[in-house]
Amino acid sequence: MISVKLIAVGNLKEAYLRDAAAEYQKRLGGFCKFTLVELKEEKLSDAPSDKEIANALSREAEKILAEMSKRAYKIALCVEGKQMSSEELAEKLDSISATHSELCLVIGSSHGLDDTVKNTCDYRLSVSKLTFPHQLMRVILLEAVYRGFNILKGTHYHK
């Protein structure tokens, strides 16, 4: 059974999002050993400059990189990443499982990820061209991974 670690910058503030994320985390337990690591988002001023944002992303990158296993296949969520169908994601999960015992998924802060994190990762994934609230992205990713594992198992979850 593959180990899946989700490294997420920031915590879920809304109870309904925490409940949804917890439900998918529980469901993933049937397919993988799931671990969530929440890292504190760097504080920014109300109107941060590009330099202030870059410095915050750099500090967050240090924390993210410290949590990544060198053996894991690492996927960064970012807008410039590749978009996939649910079936394609399932195939990706299958190929990762065949070659790695660990998968690490990374969601940055609402300002994204520092290039050092993206460059450390093996793959860049974009969930959609649409813009979603940052906190909702964790729930969407957990559901997508859960759906991918269900496709591989051949359950009726994916219709």
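Rules used throughout
- Counting of residues starts from 1 at the beginning of each chain's written sequence and follows it residue by residue.
- Predicted model: local features are reported for residues with pLDDT of at least 70 only, side-chain atom pairs are reported and counted for 80 or more only, and whole-chain, interface and lining totals are derived from all residues.
- Neither water nor hydrogens contribute to the side-chain values; these are computed over all heavy atoms in the structure.
- By disulfide we mean two sulfur atoms from cysteines, separated by a distance within 2.5 Å.
- Patch membership requires more than 30% relative accessible area and the absence of a salt bridge. Residues of like charge join within 9 Å; the nonpolar side chains Val, Leu, Ile, Met, Phe, Trp and Tyr join within 5 Å.
- All accessible areas in this document rest on Shrake-Rupley with a 1.4 Å probe, and a residue is counted as covered only by the protein chains that are shown.
- Whenever Lys or Arg places a side-chain nitrogen within 4 Å of a carboxyl oxygen from Asp or Glu, that contact is recorded as a salt bridge.
- We treat Lys and Arg as the positive residues and Asp and Glu as the negative residues; His and chain ends play no part in the count.
- A charged residue contributes its charge at one atom only: NZ of Lys, CZ of Arg, CG of Asp or CD of Glu.
- We count a stretch as a helix when DSSP gives it H or I for four or more residues in a row; a strand needs E for two or more, and each element gets its number in order from the N terminus.
- The classification of residues rests on relative accessible area computed with a 1.4 Å probe and restricted to protein chains. Under 20% of the type maximum is buried, over 50% is exposed, and intermediate values are partly exposed.

**Student:** Give me the state of the cysteines: which residues, what numbers.
**Tutor:** Evaluation of the coordinates by the stated rule reveals zero disulfides. Sulfur of Cys78: no disulfide; nearest cysteine sulfur belongs to Cys121 and is 8.0 Å away. The structure places no disulfide on Cys121, whose sulfur is separated from the nearest cysteine sulfur, that of Cys104, by 6.8 Å.

**Student:** Any details on a negative patch on the surface? Residues and values, ideally.
**Tutor:** Taken together, the side chains of Glu87, Glu88, Glu91 and Asp94 present a region of like negative charge at the surface. Of note, Glu91 is situated in helix α3 (residues 86-99).

**Student:** A description of the pattern of salt bridges should follow, citing residues and the corresponding values.
**Tutor:** On inspection of all chains with the given rule, the structure shows 10 salt bridges. Here Glu23 ties to Lys26 by a salt bridge, and the two come within 3.4 Å at their closest N and O atoms. Of the two residues, Glu23 and Lys26 are both situated in helix α1 (residues 15-28); the distance of three residues between them amounts to about one turn of the helix. Relative accessible area serves as the criterion here: at 28%, Glu23 is assigned to the partly exposed category. One network of salt bridges, with partners in common, ties together Glu23, Lys26 and Arg27.

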